[in-house]
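Descriptive structure summary
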Amino acid sequence: MNYCFGVDVGGTTVKMGLFDLEGNVLDKWEIVTRKEDDGKWILPDIAESINKKIVEKKLTAEDIKGVGIGVPGPVDSRGVVYKAANLGWGVFNVEEELSQHTGVSVKAGNDANVAALGEMWKGGGQGHRDLVAVTLGTGVGGGIIVDGRMLTGATGAGGEIGHIHVEDNETESCGCGNKGCLEQYSSATGIVKLANRRLLADKEESVLRNTEISAKSVFDALKANDKVATEVVEEFGCYLGKGLAAIAAVVNPEIFVIGGGVSNAGPILLDYIKKYYTPYVFHGSRDALFALATLGNDAGIYGAAKLVLE
Ligand code: ZN
């Protein structure tokens, strides 16, 4: 029982890692996510890859404490996934099915929640047990850790912070079908939308005009003191900072760990979030720390390995 596997299932690839029980990654690899036939090959492919690795490393099933797996959909505390639309999956118990294929015990969680666990264990949130992880990518993902444990909720939808309602006057729909969700303004695509709307509002000069706008180009323009970019980032920070203040009123975290592609902007990102967090948060959570995530795309496999060691 000296090793475990951490698996992070994405829409195009499955990331996998072999870990010792202290959390050192001994090997890391990827396989393709086969989504045909409603994703029914995904778990057998993962099991085959794990079994091959066990043979390659001259291990036996007795050496393996278990397999942890993060999947892109709601997963409850018993390992039941409630539809992972990306993979074509319906409702079934991931832990039981992968365990049948591998012969070892399996723990499953939602990918964003599992990544939060990884950041707490070996990333930007090390040393803390009450943590909110925020992933600013194409969407806004989140994971909430309370006293060292993932908050999954009744149907695995806990920590879906990207879908907190923050704007009543939105006409476009979010991917979830609602209007005015946090991720419509604070994701990479949300920032681009805010920038395009701001540029259309008047003729203010900006380096962003007539260019292909990305979250990166907006933050680059901010650092060059572009007025329009500064207003866009203020708006982004206002939505996100107030949203995190609302979360803090419920979970009172020690630390917020901010990751995802947008976080490549660096510490200046945290300044604009804190600017709108601090004045609106309940005083008991005013001193919460803010840090950048450090594990990048590996947060999922670390967190999945940690699931096994709980
Ligand atoms: Zn939404």
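Residues numbered from 1 in each chain as written. Predicted model: local features only at pLDDT ≥ 70, side-chain atom pairs only at ≥ 80, totals over all residues. Heavy atoms only, no water.

**Let's talk about the packing of helix α7 (residues 215-223) against helix α8 (residues 227-251)**
Where α7 meets α8, the axes come as close as 8 Å, and the angle between the chain directions of the two elements is 115°. In the packing of α7 onto α8, the handedness of the crossing is left-handed. Along its contact with α7, which presents Val218, Phe219, Ala221 and Leu222, the element α8 presents Ala229, Thr230, Val232, Val233 and Phe236. Here the contact of α7 with α8 is built from residues that sort into eight nonpolar, one polar and no charged. (Axes fitted to C-alpha atoms, helices over the stretch in contact; angles between N-to-C directions. Helix = DSSP H or I, 4+ residues; strand = E, 2+ residues; numbered from the N terminus. Left-handed = near helix turned anticlockwise from the far one by under 90°. Contact = heavy atoms within 4.5 Å. Nonpolar A, V, L, I, M, F, W, Y, C, P; charged D, E, K, R; others polar.)

**As for the side chain of Lys193**
When you line up the elements, Lys193 lands in helix α6 (residues 188-201). Overall, the relative accessible area of 15% leaves Lys193 in the buried class. (Buried < 20%, exposed > 50% of the residue type's maximum accessible area, 1.4 Å probe, protein only.)

**Here we look at the sheet that holds strand β9 (residues 140-146)**
Strands sit in the order β10-β9-β8-β11-β12 across an open sheet of five strands; the sheet is mixed. The open sheet terminates on both sides in strands that have one partner only, identified here as β10 (149-150) and β12 (289-292). Here strand β8 (residues 131-136) runs beside strand β11 (residues 255-259); their pairing, made up of five bridges, is parallel. Across the sheet, the residue bridging to Val134 is Ile258, located in β11. Strands β8, β11 and β12 of the sheet are contacted by helix α9 (residues 267-277), whose axis makes an angle of about 155° with β12. (Pairing = 2+ DSSP bridges.)

**Quick notes on the domain arrangement of the chain**
Considered domain by domain, the chain is made up of domain 1 (3-118 + 298-309) and domain 2 (126-294). Distance from the C-alpha centre of domain 1 to the C-alpha centre of domain 2: 28 Å. Taken together, the contact between domain 1 and domain 2 spans 13 residues of the former and 17 residues of the latter. Both sides of the domain 1 and domain 2 interface together cover about 960 Å² of buried area, and 62% of this is carbon and sulfur. There are zero salt bridges connecting domain 1 and domain 2. Linking domain 1 with domain 2 are zero residue pairs in polar contact (both at pLDDT 80 or more). Taken together, the elements giving at least two residues each to the side of domain 1 that touches domain 2 come down to β7 (106-110) and α4 (111-122). Per-element tally for the side of domain 1 that touches domain 2: the top contributor is α4, with five residues. (Domains from an automatic or database assignment. Buried area = accessible area lost by both parts, 1.4 Å probe. Salt bridge = Lys/Arg side-chain N within 4 Å of Asp/Glu carboxyl O. Polar contact = N/O pair within 3.5 Å; in protein donor to acceptor, adjacent residues only side chain to side chain.)

**Some words on the nonpolar core**
Core analysis: the largest hydrophobic core is formed by 43 residues, its most contacted members being Phe236 and Leu244. Contributing elements (two or more residues each) for this core: β8, β9, α6, α7, α8, β11 and α9. Looking at which element gives the most residues to this core, the answer is α8, with 12 residues. Not counting chain neighbours up to four residues away, the residues in contact with Leu244 comprise Val134, Ile161, Phe256, Ile258, Ile273, Tyr277 and Phe290. (Core = buried A, V, L, I, M, F, W, Y, C linked by side-chain atoms within 4.5 Å.)

**Let's talk about the sheet that holds strand β4 (residues 64-71)**
Taken in spatial order, the five strands line up as β3-β2-β1-β4-β7 in an open sheet, and their pairing is mixed. Every interior strand has two partners, whereas the edge strands, β3 (25-32) and β7, have only one. Neighbour-to-neighbour, the strand axes of this sheet turn through a mean angle of 15°, independent of strand direction. Pairing between strand β2 (residues 13-20) and β3: seven bridges, direction antiparallel. Looking at the pairing, Phe19 lines up with Val25 of β3. Against the sheet, α4 touches β1 (3-9), β4 and β7, its axis set at about 105° to β7.

**Regarding the coordination of the zinc ion**
Taken together, the protein ligands of the zinc ion are His163 (ND1), Cys174 (SG), Cys176 (SG) and Cys181 (SG), with distances of 2.0 to 2.3 Å. The site at the zinc ion holds four donor atoms, and with the angles between them running 105 to 118°, its shape is tetrahedral. Here the donor residues for the zinc ion map to a single chain with the spacing H-x10-C-x1-C-x4-C. According to the relative accessible area criterion, Cys174 is buried, its value standing at 5%. (Donors = N, O, S within 2.8 Å, 3.2 Å for Na, K, Ca; no water. Tetrahedral: all angles 85-135°; square planar, octahedral: opposite > 155°, others 65-115°.)

**Concerning α4**
The first and last C-alpha atoms of α4 sit 16 Å apart over 12 residues, in line with the 16 Å expected at 1.5 Å per residue. By the criterion of burial, α4 is predominantly enclosed, with 10 of the 12 residues buried. For α4, every residue scored as buried is listed here: Ala112, Asn113, Val114, Ala115, Ala116, Leu117, Gly118, Glu119, Met120 and Trp121. Residue Asn110 occupies the N-cap position of α4, its side-chain oxygen lying 3.0 Å from the main-chain nitrogen of Ala112. (Expected span 1.5 Å × (residues − 1).)

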